[in-house]
Every structure is written in structure tokens, then in C-alpha cells.
Amino acid sequence: MEPPTRQRSRLLLANGASTDHDRELAAFDDAGAASAPLTAQDKGLTEQAFVAHMAATRPSGDPVIEGLLFDCDGTLVNSMPVWACNWVETCAEFGLDLDEARFYQLAGMTVEETLQRLCTEQGVQVDAEAFFARKDELAADAVKRVTEIYPVAQIAREAHGKFKMGVVSSGPRSMVEQFLEQTNLRHLFEVLVCAEDV
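Report on the accompanying structure.

What counts and how
Residues numbered from 1 in each chain as written. Predicted model: local features only at pLDDT ≥ 70, side-chain atom pairs only at ≥ 80, totals over all residues. Heavy atoms only, no water. Helix = DSSP H or I, 4+ residues; strand = E, 2+ residues; numbered from the N terminus. Buried < 20%, exposed > 50% of the residue type's maximum accessible area, 1.4 Å probe, protein only. Phe/Tyr/Trp six-rings, centres within 6.5 Å; stacked < 30°, edge-to-face > 60°. Pairing = 2+ DSSP bridges. Salt bridge = Lys/Arg side-chain N within 4 Å of Asp/Glu carboxyl O.

1. A closer look at the environment of Gln 122
Okay, so step 1: Within the element layout of this structure, Gln 122 appears in helix H4 (residues 111-122).
Okay, so step 2: The class for Gln 122 is partly exposed, based on a relative accessible area of 31%.
Okay, so step 3: Taking the C-alpha atoms as reference points, Gln 122 and Leu 96, 26 residues apart in sequence, are found 7.3 Å from one another.

2. Quick notes on the packing of aromatic side chains
Okay, so step 1: What the rule picks out here adds up to seven aromatic pairs.
Okay, so step 2: Ring geometry for Phe 103 against Tyr 104: centres 5.2 Å apart, planes inclined by 75°, an arrangement best described as edge-to-face.
Okay, so step 3: By relative accessible area, which is 8% here, Phe 103 ends up buried.
Okay, so step 4: In this structure Tyr 104 comes out as partly exposed when scored by relative accessible area, which is 35%.
Okay, so step 5: Through pairs of rings, three or more aromatic residues link up here, namely Trp 87, Phe 94, Phe 131 and Phe 132.

3. A look at the environment of Asn 184
Okay, so step 1: Mapped onto the elements, Asn 184 comes out in the loop between helix H7 (173-182) and strand E6 (191-193).
Okay, so step 2: Assessed through its relative accessible area of 54%, Asn 184 is described here as exposed.
Okay, so step 3: On a C-alpha basis, the gap between Asn 184 and Ala 153 in space is 9.8 Å, while along the polypeptide they are 31 residues apart.

4. Quick notes on the pairing of strand E4 (residues 67-70)
Okay, so step 1: With burial as the criterion, only one face of E4 is covered, namely that bearing Leu 68 and Phe 70; the residues Gly 67 and Leu 69 on the opposite face remain uncovered.
Okay, so step 2: Relative to strand E5 (residues 164-168), E4 runs parallel, the two being bridged by four bridges. Along E5, the bridge assignment pairs Phe 70 with Val 167.

5. Looking at the pattern of salt bridges
Opposite charge on two side chains allows them to pair when their charged atoms are near.
Okay, so step 1: Counted under the stated rule, the structure contains six salt bridges.
Okay, so step 2: The closest approach of N and O atoms between Arg 134 and Glu 93, which form a salt bridge, is 2.8 Å. Of the two residues, Arg 134 is situated in helix H5 (residues 128-139) and Glu 93 in helix H2 (residues 80-93); the sequence distance between them amounts to 41 residues.
Okay, so step 3: Relative accessible area serves as the criterion here: at 25%, Arg 134 is assigned to the partly exposed category.
Okay, so step 4: The partly exposed category is assigned to Glu 93, whose relative accessible area is 43%.
Okay, so step 5: In this structure, Glu 177 and Arg 186 form a salt bridge, with 3.0 Å as the shortest nitrogen-oxygen distance.
Okay, so step 6: Overall, the relative accessible area of 23% leaves Glu 177 in the partly exposed class.

Okay, here's the thing in C-alpha cells:
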């Protein structure tokens with residue numbers, strides 16, 4: 001029998017989003033090679049196995065991983081499609097050209113940086129205050145329908161109490177808080193670092 005340190009571990013990875021934005025699950029061994037896709041029976045135990053793997057210790061007894069940091073948009077919650085539509089619609093009203101593909105290229109920037117980049121690239125001057133007020137108005141109903149991304153949210157649930165955990169996002173704190181509250185994830189995280197904090 002092979003020693004525990006050489007035994008294969010099955011790790012849960014988010015392997016892209018389907019058209020309805022569910023994350024496909026795949027099984028990986030500890031060498032990083034993909035094995036067969038997970039079955040429905042596997043999925044109930046995979047998050048526990050992933051957290052157990054992360055809880056491994058070094059020979060000294062010190063933990064390999066002491067804390068976990070999660071992004072929010074597109075990681076914990078399925079908000080990116082909402083933001084894509086919101087940005088495209090708002091930009092059109094203010095004379096800026098933006099399609100979904102370009103939106104995703106700019107993902108990770110703050111909203112202020114995104115607007116500035118688009119204005120500079122296209123030589124268009126926009127009243128930023130008016131732009132964001134309208135953007136928020138258009139998004140008001142859509143953001144209420146944002147849901148969790150189950151595989152990642154479940155890892156966070158399994159890891160709660162075992163690791164220190166935080167959320168690091170380029171989004172505004174008010175929106176990050178709203179998404180985490182409406183998906184019942186906020187209590188899992190000790191720290192939030194948002195756009196206003198950096």
C-alpha cells in the first residue's frame with residue numbers, strides 16, 4: 001500500500017462556466033493530471049476532500065495553508081453576466097462602445113479605472129458621477145438575482161472554522177457586502193478588502 005503522502009487526492013476545481021453559469025466539476029489527482037469527470041455521487045464529498053487536502057501539514061507540524069482568500073464577482077457569486085449586461089447598456093447610453101468580450105478583458109479593474117480606460121481609448125468625455133448613478137439605477141433589479149457559485153461557496157462553507165478566510169475584491173464594498181449577504185455567505189469571512197481599501 002502506498003504511503004499517505006503518495007496517495008492520490010481528489011481536488012475540486014472550477015473548470016469554467018456553462019451557459020447557465022453553473023461550474024463544471026472535474027477530478028484531479030495530486031500530480032495535477034485530470035481524471036474522469038465527477039459523478040453526482042462524488043460531488044457531495046469533493047468539497048470535504050478538498051478542504052482536508054488544504055489542511056495538510058509540513059513535516060514540522062506547521063500548516064501548509066494558514067488562510068484562504070476568495071474573489072467575489074465570478075468566484076463566490078455569479079455576478080459577472082449581470083455586470084456585463086449592465087456595463088454594455090450604460091455605455092451605450094453615454095456614447096461609449098463596449099461589447100461583452102471587451103468587458104471581460106477589463107475584468108479585475110475598479111469601475112473607475114474601467115470607465116477611464118474606455119473614455120481614453122475612444123476619446124469620449126463622460127460625466128463619471130452621472131454615469132455611475134445611471135449604471136446603479138439600471139443594475140438595481142438585476143443584482144438581486146445574483147446567486148452563489150456552488151462549488152466555490154461550498155468550499156468556503158467546508159473551510160469555515162478551519163482556516164482564517166477573507167474576500168478580496170476590486171468591487172465596491174457596498175456591493176460585495178450585498179452579494180455575500182443575499183447568498184448567505186457573509187458570516188464565513190473575517191475580513192473584506194474592497195476597492196475603497198486600496
